[in-house]
Structures are given as C-alpha cells and as structure tokens.
Amino acid sequence: MSLAVAERFVSINGEGLEAGRLATFVRFCGCNLQCSYCDTRWACDPAFAGCILSVDEVVNYVVSAGCRCVTLTGGEPLLQPSCEELVDKLVHARTAEGQGFRVELETNGAVSLAELAALRRDNEADEMAGSLVFTMDWKCPSSGMTDRMLVGNLTHLGASDALKFVVGSREDLECMRALVQQYHLAEQTNVLLSPVFGQIEPSDIVAFMKEFDLVDVKLQLQLHKFIWPLSQRGV
Ligand code: SF4
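All of the points below concern the structure found in this document. (Residues numbered from 1 in each chain as written. Predicted model: local features only at pLDDT ≥ 70, side-chain atom pairs only at ≥ 80, totals over all residues. Heavy atoms only, no water.)

What to know about the overall build of the protein chain
Put simply, the test is: Numbering goes from the N terminus for both helices and strands, where a helix is a DSSP run of H or I of at least four residues and a strand is a run of E of at least two. Each radius of gyration reported is based on C-alpha atoms, and the globular scaling rule is 2.2 Å times the count of residues to the power 0.38. A 1.4 Å probe rolled over the protein chains alone gives each residue an accessible area, and that area as a share of the maximum for its type sets the label: buried under 20%, exposed over 50%, partly exposed in between. Note on contacts: a residue pair qualifies if any of its non-hydrogen atoms lie within 4.5 Å across the two residues. Here, Shrake-Rupley sampling with a 1.4 Å probe gives the accessible areas, and only protein chains in the shown set may cover a residue. Under this rule, positive means Lys or Arg and negative means Asp or Glu; His and the chain ends count for nothing. For the purpose of locating charges, the reference atoms are NZ of Lys, CZ of Arg, CG of Asp and CD of Glu.
Along the backbone of the protein chain there are 8 helices and 9 strands. Against the compact-globule benchmark of 18 Å for 235 residues, the protein chain has a radius of gyration of 17 Å, which places it among compact chains. Viewed in the frame of its principal axes, the protein chain has a C-alpha envelope of about 50 × 40 × 30 Å. A total of 235 residues make up the protein chain; the buried ones form 53% of that total. By sequence separation, contacts in the protein chain at least 24 residues apart represent 76% of the contacts at least 6 residues apart. Working note: accessible area of the protein chain is about 10900 Å², and carbon and sulfur atoms make up 52% of it. Separation between the mean location of the 19 positive side-chain charges and that of the 31 negative ones in the protein chain comes to 3 Å.

Take a look at the structure:
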C-alpha cells in the first residue's frame, strides 16, 4: 500500500504539546475540509500528487532522520488508506539508540479516530511499543467547517492528547468555551487555543481567558510563523 506524501523534513514542532522540540515531519496530500484560513492549501490541491511512497519507505525515512518525535500531518493524514498500517509500524520501530518513537497524529476532527484509538488500546499492553498521541482540531465558526466536526471523536482523546481550537474571533472563543464546558474537556485532555495568524490578537485571547477564568486551557502561538513568517513548506 502506498502513501501520498506532500513533503518530509526535520524541524521543530511549531505547536502542540511538544512545541519547540525537534521532530520528523511527514505531511500527506489531500484534505476533506476547506478551512477559510488554511495555510497548506497547496498540499490539499487535488492536482498536487506529491510523492508516492510505500509504508516501509516512510518508516525507513523516519528511522534514518533520527528524531524520536514524529509528526504526521497534512492535509488530513487519516485520508490515506495506509495510515493505520504506517502508525502501527512506526510505534513498533526503533531509533538507532533502541528507543520507541513518539508518534503524533495531527487530524482535523472531521475523520473518525475510532480505528486508531483501537490500535492504541491494542498496543497499550505491548511494553516495546512507542507512543501514539492525537492532536485533534476543533474547527470554530470562522473556519466555515464547524458542521463537519465529529463529536464522537472527542471520546477518543485522553490525558496524553490535545484538542486544539483554532480561534480567529470572539465567536470562535465562545464556541470553544461552550464545548469545553458541555463535555468537561479540560478534565479529559489538554485543551489548546491557537490564534489564526493575523486574524486575532493573542492578547485578546488572554483577555477572554481572564474574563471567564479559563484556567485549564492553554494559549499557544505557532512558533514556525514567527521564525519563518514567509515559508509555507519545509518548516
Ligand atoms: S483541515 Fe487543515 S489542511 Fe485541511 S483545509 Fe483545514 S487547515 Fe487546511
């Protein structure tokens, strides 16, 4: 089985729970959403085929790159029919030092996480397996994609995962607050707030957090946007 890879590189995680740490990135082609603020539209363009690689070729690349952290991103990685096979092989692979990999799957919230959550449960008893963590987006109103979110995916997020609200307006912040309250999400997983770059001032997000005493959610800024403001690829 093959994978449509848009790009692969080593850089720091720009966001998420491992922000600032070096990771090997594999970005896949294609997405089932069209967010208003998408900054990787080029990888989602159906006319862009990327590079077709086998699962083993991707695993070999990750092992040879040498970082313990691996970030699978997109586009939407879960649209690749071989995504589950790739994740399974990666969590059982070893670095040159014999360590397991920390595999982070970034997903847009509009594709079911059920199969990968089951794979993670199956691997929990395997002491030799590396870890698999989910960073899942929740698309707020300014994305234009809120109605595509799968509420059932929230049940698959645990203490090692992150639910990321990409917020561009006060309406988005209200949406985040309502959902976090309704499902007690901050007790279940890590809740991150990520501003749409250039659309909302981070200080306004902090003001909102103070206004509603949101002590269990975290603001994060996309590091790569500050370090490489003009680059959309390879960072
Ligand atoms: S889910 Fe991500 S890659 Fe897909 S359109 Fe939205 S921002 Fe772009």
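Re the site of the ligand
Test applied: For this description, a residue counts as near a given molecule or strand if any of its non-hydrogen atoms is within 4 Å of it. Here the nonpolar group is Ala, Val, Leu, Ile, Met, Phe, Trp, Tyr, Cys and Pro; Asp, Glu, Lys and Arg are the charged ones; every other residue, Gly included, is treated as polar.
Around the ligand, the neighbouring residues are Cys31, Leu33, Gln34, Cys35, Cys38, Thr40, Cys44, Gly75, Asn108 and Lys139. For the shell around the ligand, a count of residues per class yields 5 nonpolar, 4 polar and 1 charged.

Side note on the packing of helix α5 (residues 170–183) against helix α7 (residues 202–211)
Selection rule: Between N-to-C directions, angles cover 0 to 180 degrees, with each direction set by a line fitted to C-alpha atoms, over the stretch in contact for helices. Comment on the angle field: the value is read as roughly parallel under 35 degrees, roughly antiparallel over 145, roughly perpendicular from 65 to 115, and oblique elsewhere. Here a crossing is called left-handed whenever its near helix is offset anticlockwise from the far helix by less than a right angle, and right-handed whenever the offset is clockwise.
Their axes nearest at 11 Å, the elements α5 and α7 cross at an angle of 40 degrees. As summarised for this structure, α5 and α7 are arranged oblique, according to the angle between their axes. Note that α5 runs across α7; the crossing there is right-handed. The segment α5 lies against α7, with Arg170, Leu173, Glu174, Met176 and Arg177 engaging Ile205, Phe208 and Glu211. Grouping the amino acids of the contact of α5 with α7 by side-chain chemistry returns 4 nonpolar, no polar and 4 charged.

Re the pairing of strand β4 (residues 69–73)
Rule in force here: Pairs of strands are assigned from DSSP output, requiring at least two bridges between the strands. Here the term right-handed applies to a crossover when the path leading from its first strand over the helix to its second strand runs clockwise, the strands being oriented away from the viewer.
Most of β4 is tucked away, with 5 of its 5 residues classed as buried. The pairing of strand β2 (residues 22–28) with β4 spans 4 bridges and is parallel. When the sheet's bridge partners are listed, Phe25 is paired in β4 with Thr71. Two elements, β4 and strand β5 (residues 102–107), share 4 bridges in a ladder whose sense is parallel. Looking at the pairing, Leu72 lines up with Leu105 of β5. Taken together, β4, helix α3 (residues 83–91) and β5 constitute a β-α-β crossover, and its handedness is right-handed.

Quick look at the nonpolar core
Heads up, the condition is: Buried Ala, Val, Leu, Ile, Met, Phe, Trp, Tyr and Cys residues that are joined via side-chain atoms within 4.5 Å together make up what is termed a nonpolar core.
Ranked by internal contacts, the top residues of the largest apolar core, which has 59 residues, are Leu72, Leu86, Trp138 and Phe165. Setting aside its immediate chain neighbours within four residues, Leu72 contacts Val26, Phe28, Pro77, Leu86, Val87, Leu90, Val103, Glu104, Leu105 and Glu106. If you look at the next biggest cluster of nonpolar residues, it comprises 5 residues, including Ala4, Ala6, Cys29 and Ala43.

A closer look at the pattern of salt bridges
The line we're drawing: Take a side-chain nitrogen of Lys or Arg and a carboxyl oxygen of Asp or Glu: if they are within 4 Å of each other, that pair is a salt bridge.
Under the criterion given, the structure shown has 14 salt bridges. In this structure, Arg21 engages Glu18 in a salt bridge whose closest nitrogen and oxygen atoms are separated by 2.4 Å. Assessed through its relative accessible area of 46%, Arg21 is described here as partly exposed. Taking relative accessible area as the criterion, Glu18 reaches 17% and is therefore assigned buried.

Some details on the packing of aromatic side chains
Quick reminder of the rule: Only Phe, Tyr and Trp rings take part, Trp by its six-membered ring, and two of them pair if their centres are within 6.5 Å. Stacked means planes under 30 degrees apart, edge-to-face means over 60, and tilted covers everything else. We count a charge as sitting over a ring when the NZ of a lysine or the CZ of an arginine lies within 6 Å of the ring centre and within 35 degrees of the ring normal.
If you walk through the whole model with that rule in mind, you get 3 aromatic pairs. Their ring planes at 10 degrees and their centres at 5.0 Å tell us that Phe9 and Phe25 sit as a pair that is stacked. Of this pair, Phe9 sits in strand β1 (residues 2–12) while Phe25 sits in strand β2, and the two are 16 residues apart along the sequence. An identical accessibility class is assigned to Phe9 and Phe25; each is buried. Taking 5.5 Å as the distance between ring centres and 70 degrees as the angle between the ring planes, the aromatic pair formed by Trp42 and Phe48 counts as edge-to-face. For Trp42, a relative accessible area of 12% gives the class buried. Phe48 gets classed as partly exposed once you look at its relative accessible area, which sits at 27%. The ring of Phe212 has Arg177 sitting right over it, with the charged end atom 3.7 Å from the ring centre. Stacked on the ring of Trp42, the Lys or Arg Arg233 has its end atom at 3.8 Å from the ring centre.

Taken by themselves, the reported measurements are silent on function.
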